[in-house]
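Residue-level structure breakdown
Single-letter residue listing:
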Amino acid sequence: MMEPQGQPNPAQGLCQKGCGLPLLCAEEHRCVEALRARTAALEERGAALERGARVQRLRWNRTERTLLAQVTTLQNEAQLAALKYQRRLDQYLLHINSIAKQIVGYCQSEFRAPDMQGQTSDKTCPEGELQKTKKTPQHSQLCRLQNMVTLNVL
């Protein structure tokens, strides 16, 4: 049975002349030439491994740059979205504040009843706000809203 080339023949063993290399055939071998061939094969294998490592390193660097670019893009998109929603929130707050001021103005004009001589008489509700002579269900809600606006809760 033939052994594949490069594989030691278990029947042959190792060289006893001093190189210690496995004997590949039954013939005598020259240790110096065998060591040179072995060294060349190992150097070739080392160079191939270095090339492979360099290729892998280049792939890794390219992948890393791509991922960093994606992360940067996502961070920029998140910042833009945050600014957009902050601006929208500010607009909503301004709109709510405007509506609250309109309600307060309405409350103040609605809850002042003219007296007999054409002047206004201020009647205050228990919360300390102006009221109509006849209390409506919306009155207490409007008074609370007016108190919140004057306390800058909105």
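These figures come from a predicted structure and were not determined experimentally.

Conventions and cut-offs
- Residues numbered from 1 in each chain as written.
- Predicted model: local features only at pLDDT ≥ 70, side-chain atom pairs only at ≥ 80, totals over all residues.
- Heavy atoms only, no water.
- Helix = DSSP H or I, 4+ residues; strand = E, 2+ residues; numbered from the N terminus.
- Buried < 20%, exposed > 50% of the residue type's maximum accessible area, 1.4 Å probe, protein only.
- Contact = heavy atoms within 4.5 Å.
- Areas by Shrake-Rupley, 256 points an atom, 1.4 Å probe, with all protein chains shown as cover.
- Core = buried A, V, L, I, M, F, W, Y, C linked by side-chain atoms within 4.5 Å.

**Considerations on the overall build of the protein chain**
A count of helices and strands for the protein chain gives two helices and two strands. What you see in the protein chain, going N to C, is helices and strands ordered as α-β-β-α. Here the protein chain holds 154 residues, and the buried ones make up 14% of them. Summarising the internal contacts of the protein chain: among those between residues at least 6 apart in sequence, 16% fall at separations of at least 24. Carbon together with sulfur atoms contributes 56% to the accessible area of the protein chain, which is approximately 12900 Å² in total.

**Concerning the nonpolar core**
Counting residues in each nonpolar core, the largest one holds five residues, listed as Cys15, Cys19, Leu21, Leu23 and Cys31. Residues contacting Cys19, with those up to four places away along its chain left out, are His29, Cys31 and Leu35.

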